[in-house]
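# Summary of structural features
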Amino acid sequence: MRAVLAWKDTVREQCVYDLAFKPDGSQLIVAAGLRVLVYDTADGNIIQPLKGHKDIVYCVAYAKDGKRFASGSADKSIIIWTSKLEGILKYTHNDSIQCVAYNPVTHQLASCSSGDFGLWSPEQKSVNKHKVSSKITCCGWTNDGQYLALGMMNGVVSIRNKNGEEKVKIERPGGSSSPIWSIAWNPSKDEHNDILAVADWGQKLSFYQLSGKQIGKDRTLTYDPCCVSYFSKGEYIVMGGSDKQASLYTKDGVRLGTIGEQNAWVWTCRVKPDSNFVVLGCQDGTIACYQLIFSTVHGLYKDRYAYRDSMTDVIVQHLITEQKVRIKCRELVKKIAIYRNRLAIQLPEKILIYELYSDDSSDMHYRIKEKIGRKFECNLLVVCSQHIILCQEKRLQCMSFTSVREKEWVMESLIRYIKVIGGPQGREGLLVGLKNGAILKIFVDNPFPITLLKLSTSVRCLDMSASRNKLAVVDEHNTLLVFDINSKELLFQEPNANSVAWNTQCEDMLCFSGNGYLNIKASNFPVHQQKMQGFMVGYNGSKIFCLHVYSMSAVEVPQSAPMYQYLERKMFKEAYQIACLGVTDSDWRDLATEALEGLDIDTAKKAFIRIRDLRYLELINSIEERKKRGENDNELFLADVYAYQGKFHEAAKLYKRTGHESRALSMYTDLRMFEYAKEFVGATDPKSTRILMTKQADWAKSSKEPRAAAEMYLSAGEHLKAIDIIGEHGWADMLIDIARKLDKAEREPLAKCAQYFEKLKHHGYASETYSKMGDLQALVRLHVETRHWEEAFSLVEKHPQFKNNVFVPYAQWLAENDRFEEAQKAFHKAGRQNEAVKVLEQLTHNAVVENRFNDAGYYYWMLSMQCLDIARESEDQREEMLKKFERFQHLAELYHVYRSIQRYTDEPFSSHMPETLFNICRFLLSNLTKNIPPGISKVNTLYALAKQSRKLGAYKLARYSYEKLQDLHIPSRFQESIELGSLTIRSKPFHDSEDLIDGMMCYRCSTNNPLLHNQGSSCINCRQPFIYSASSYEVLPLVQFYLEEGISDEEAVSLIDLEVPQTDEGDARWQDMDNGEPQALRMDGLDDSEEDPFTAKMSFEQGGSNFVPVKVSRPSLRSMSRRDVLIKRWPRPLKWEYFRSLLPDVSITMCPTCFKMFHSEDYELLVLQHNCCPYCRRPIDEPN
């Protein structure tokens, strides 16, 4: 790393306290004396001095968006300036301003004085100020703008949030004896944590996380630091202070070197955004701008490349496998050398020697072998298997790994280039190039250098060929010179070279780079050029290693050009060697063909094997066999080669020349080239001409040109034969032309066309042909076979007689694709009720087995409706199906209800109210007869009932439940809970809550029923069945009534619809919905003082155990209001069911599909949640 002074300026008799760059790097703001100076960063000229402060300006800061900057002064004021250098706002503190910082995200300004700090943003009128216990010396925002760190004189770093509240407090060990003088947050986006660098006057640099946790140990400094600043990407730190210089450090605090020495304390230093320029401000008014130049430190050996990264790390890259390994040295890396399995790294005070763990060529694991704990000054460093070579100007020193100096060579001139060229361990050879043009070979174990050559100009780059016979040199005039080492003769030279390398796998090939081109030279042929950026540093097979700026890459270069140069000179063996380094398949084919034509059979064979060309390998094999038998007529062999290549006329000429005319003739006749054959025979040989004629005739008979034959058949009107030929050959375009031209009455040829279209998978053409014939059945079959269901359905709409042909296969296809619900509907549509029921039963069984009781309930409901459909259509199955309907309806309700209990017992949370669960459990237990449906657990039901009864005060019922549970097999997970419940329930009174018993009143006879009894879901007195809400399972105020003999459903509805004039004044507002939406009845304020005929019918005195239904006559029906009556309009053969509401102000809704009753608000909520009826899943927008 070097620092070059870019420009310098001095502000007379003023201390430069602070600097700030405009975010785009174009301007520098300087706090100098009473003024704020604005510099052009390119040349250091002052753009404008800004006046506005009445005392020394201590601090400046630029907003991240580049729109404004701020300055703070000892006059206790802050001035905000625009980027056009105009002051726009001024505000004050009670003490002199020490530091200012802009939030990088919100552009809020933090200004800090000796006793407090303020937060100001453009959108607010006032400045929020916060008192502090000590003088603030420095401040800085985190990258995300969430936190502000304050450094104080008492050795404390206080981290505040955007509102100024302290979140973290970091206390430095020295306290007030080591005041914090500068802090900076690492701006890197790659770091996982926010990292704060803290420099204090206890002469320490330390790093902290946002949480206040220290990272690593304190770094001891030899001076009082005044400023610490990061590079834009956070990779380096610049720091200056009482040592009158600025130093460069790594982000971990490792010192890398000096940037610029000054005559006074460095008070401030800043890095220009996104660049390597650093500006310093000093106590004596000096402002200096330095450019940092980071040199490349690297080493290469064959396919391993080692280079320095972040100044303190070494990365070793394997150029072939692209693997990389990082070695962290935690000190400045000065030199790197790599050789075979060795890696040497020079640090300021020592040299580390690493070795690979194994001999594997792709192994990348290095371990330390030796440490040489001495400081060395050297220009170049080289490592061998047992030595390191240090090169200092003219002197070469060879040292063992134990730091013993074994040999020393002193050259007559400066050493410009040195390279290890291999050799046995401990006796490696070095190639050395000097400034005076001498090229030497030095062996590590030999004190005497061997002079190879003496040039007239200085050496820039050297390399020796694989067999050590040739030497390539690049001199300082960029000329490449290639010498024969043994004879010292100059073989050739080339201009415009900056680096050179021999191919490690091929003696005669080298490449060199220069002027943005890569040049490849084979033997003494002309150079092949291609564009390439950077330096070429190695050449291995077909890979060229290229260094561009800092990155090394392996470029794959096809070796085609040199191969063709060898081919032109018929040097097949050499061309084959080049091809082995890496050429394309077409290059291999050219090599094989050229070698075969040149009758280099061996090379041709190898090349054809490469491209796996069996035809030519057979030819080569036959030539080799014939050679073994003693044939050696090369022209005959060549004629065979030409015939294989399709050069028939050349082959014929050669056959004629060698006296093998018969071969030429048989070649032409095999190829059906009768015209050429005739020309070849000429008029000389009538016998040969006759043979030709017969062969041509046979061929014409047997060849059967099918397209021509088909066209002849068509013109003769033999459509069927033509269609057969065309169909067998799959010429669909010809076939559709024929089909379109045929009349629709010609059914046989059309049918044949359609069959071929099906065979050829041209379904569109087949469909067109069947449509033309009017064969609808075949068209339906085609659509079904090709799974074109949409077309099939549209056909069925027009022709319902094909319903079975479409829906049955469609349903089977759906079932095969696991779409059972759709399959069931399709069977239903096809009228295959039994299959539909089967699918549903299977679905139901699966739902129960998988504990999907919601689905089980839904499927049972669907099953019941299908049974109803079958009962309606088939007289003889009606009775059986109605029984099934009743059973399935009952099961549907049980599973629907049990779903809530299963969720309550198996899941941690329940969405149901305790009252709902209590009602559900009682309803389920009332309806569970002896044979309990599969999947429903009585234990779960009783357990849930016991818990809810206890919650709601039904202690008697809870005791009953716990007692019942004792007779059942209880799962282990409930065991403890049930035993505890059974014991603790005994401490409760032996009766149920009155409110709960009131809720079980029969709306017909007003009898209060017990909470659980063995009469099922009906009143113990009048046996009237209870009507339950299908959501909360409360008893609804409904009583079912029946029509007297002779009253039909239609008449009953028309009688109920007759409104009886109301005589009371109470204004009754009604709302009735009976339009396919769920039926709902609502009423506000009706005072019915008259005696209701229905109530009279209801108060029939009960006695005995038989249920006496409420039967109503026509007058009673007429007296009823339509709004009080709910009708379940069951499809035939079921009868309609009528219900009268006894509490009209209780709003009840009935689903028009499944006829389940709900409290209206419950139903509306459930429909909003599920977008359908919770019981039968009828979508709300579906018409009834």
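Residues numbered from 1 in each chain as written. Predicted model: local features only at pLDDT ≥ 70, side-chain atom pairs only at ≥ 80, totals over all residues. Heavy atoms only, no water.

Per an unreviewed UniProt entry, the protein chain goes by Intraflagellar transport protein 122 homolog and derives from Labrus bergylta. Looking at the Subcellular location (unreviewed entry) heading of the UniProt record, one finds this comment for the protein chain: "Cytoplasm, Cytoskeleton, Cilium basal body". (UniProt positions renumbered as here; feature names shortened; annotations may be inferred.)

## Structural notes on the sheet that holds strand β28 (residues 286-293)
What the four strands build is an open sheet, ordered β1-β28-β27-β26; its pairing is antiparallel. Of all the strands in the sheet, just β1 (2-10) and β26 (266-271) have a single pairing partner and so form its edges. Within this sheet the neighbouring strands show an average axis-to-axis angle of 20°, counted without direction. (Pairing = 2+ DSSP bridges. Helix = DSSP H or I, 4+ residues; strand = E, 2+ residues; numbered from the N terminus. Axes fitted to C-alpha atoms, helices over the stretch in contact; angles between N-to-C directions.)

## Topic: the packing of helix α21 (residues 853-873) against helix α22 (residues 878-906)
Two elements in contact, α21 and α22, have axes separated by 7 Å at closest approach and are oriented at 165°. Regarding the angle of α21 to α22, the classification is roughly antiparallel. For the element pair α21 and α22, the recorded crossing hand is left-handed. Each residue belonging to the contact of α21 with α22 can be placed in one class, and the counts come to 18 nonpolar, six polar and four charged. (Parallel < 35°, antiparallel > 145°, perpendicular 65-115°, else oblique. Left-handed = near helix turned anticlockwise from the far one by under 90°. Nonpolar A, V, L, I, M, F, W, Y, C, P; charged D, E, K, R; others polar.)

## Section: the pairing of strand β52 (residues 528-531)
Here strand β51 (residues 517-522) runs beside β52; their pairing, made up of four bridges, is antiparallel. Bridge pairing in β52 links L518 to Q530. Joining the antiparallel neighbours β51 and β52 is a turn of five residues, in which S523 adopts a positive phi near 50°.

## Looking at the environment of D218
Relative to the elements of secondary structure, D218 occurs in strand β21 (residues 214-220). Note on D218: relative accessible area 26%, which makes it partly exposed. Linking D218 and G253, residues 35 residues apart in sequence, is a C-alpha distance of 9.0 Å. Residue contacts for D218: discarding those within four places in its chain leaves R172, K204, L205 and S206. Among the polar contacts listed, one links the side chain of D218 to the side chain of R172, at a separation of 3.0 Å. A polar side-chain atom of D218 sits 2.4 Å from a polar atom in the side chain of Q214. (Buried < 20%, exposed > 50% of the residue type's maximum accessible area, 1.4 Å probe, protein only. Contact = heavy atoms within 4.5 Å. Polar contact = N/O pair within 3.5 Å; in protein donor to acceptor, adjacent residues only side chain to side chain.)

## Concerning unusual backbone geometry
Of note, the bond from R1132 into P1133 is cis; its omega dihedral lies within 30 degrees of zero at 5°. On the secondary structure map, P1133 appears in the loop between β60 (1125-1128) and β61 (1137-1141). Positive phi, close to 55°, is recorded for N496, a residue that is not glycine. Here N496 is to be found in the loop between β48 (490-494) and β49 (499-502). For N496, a relative accessible area of 42% corresponds to the partly exposed category.

## Things to note about the pattern of salt bridges
Per the stated rule, a full pass over the model turns up 30 salt bridges. The residue K470 makes a salt bridge to D508 at a minimum N-O spacing of 2.9 Å. Taken as a pair, K470 in strand β46 (residues 470-475) and D508 in the loop between β49 and β50 (509-514) lie far apart in primary sequence, 38 residues in all. Residue D508 is classed as partly exposed on the basis of its relative accessible area, which comes to 26%. Between D1124 and R1140 there is a salt bridge, and its shortest N-O distance comes to 3.9 Å. Here D1124 is found in the loop between α30 (1114-1119) and β60, whereas its partner R1140 is found in strand β61, with 16 residues between them in sequence. Here D1124 and R1140 have matching classes, each one buried. Through salt bridges with shared partners, one network takes in R172, D200 and D218. (Salt bridge = Lys/Arg side-chain N within 4 Å of Asp/Glu carboxyl O.)

## Observations regarding the side chain of S1029
One can find S1029 in the loop between α27 (994-998) and β56 (1038-1043). A polar contact of 3.3 Å, which involves the side chain of S1029, links it to the backbone nitrogen of S1032.

## Here's the deal with the environment of P449
Relative to the helices and strands, P449 resides in the loop between β43 (438-443) and β44 (450-454). Looking at P449, the relative accessible area reads 35%, which means it is partly exposed. For the pair P449 and V410, spaced 39 residues apart in sequence, the C-alpha to C-alpha distance is 9.7 Å. Residues in contact with P449, not counting those within four places in the same chain, are W409, L440, K441 and I442.

## Some points on helix α28 (residues 1049-1057)
Of the residues making up α28, those classed as buried are A1052, V1053, L1055 and I1056. One face of α28 carries all of its buried residues, which in axial projection span an arc of 160°. Turning to α28, the residues buried within the fold contact β56, α30, β60 and β61. (Arc of directions from axis to C-beta.)

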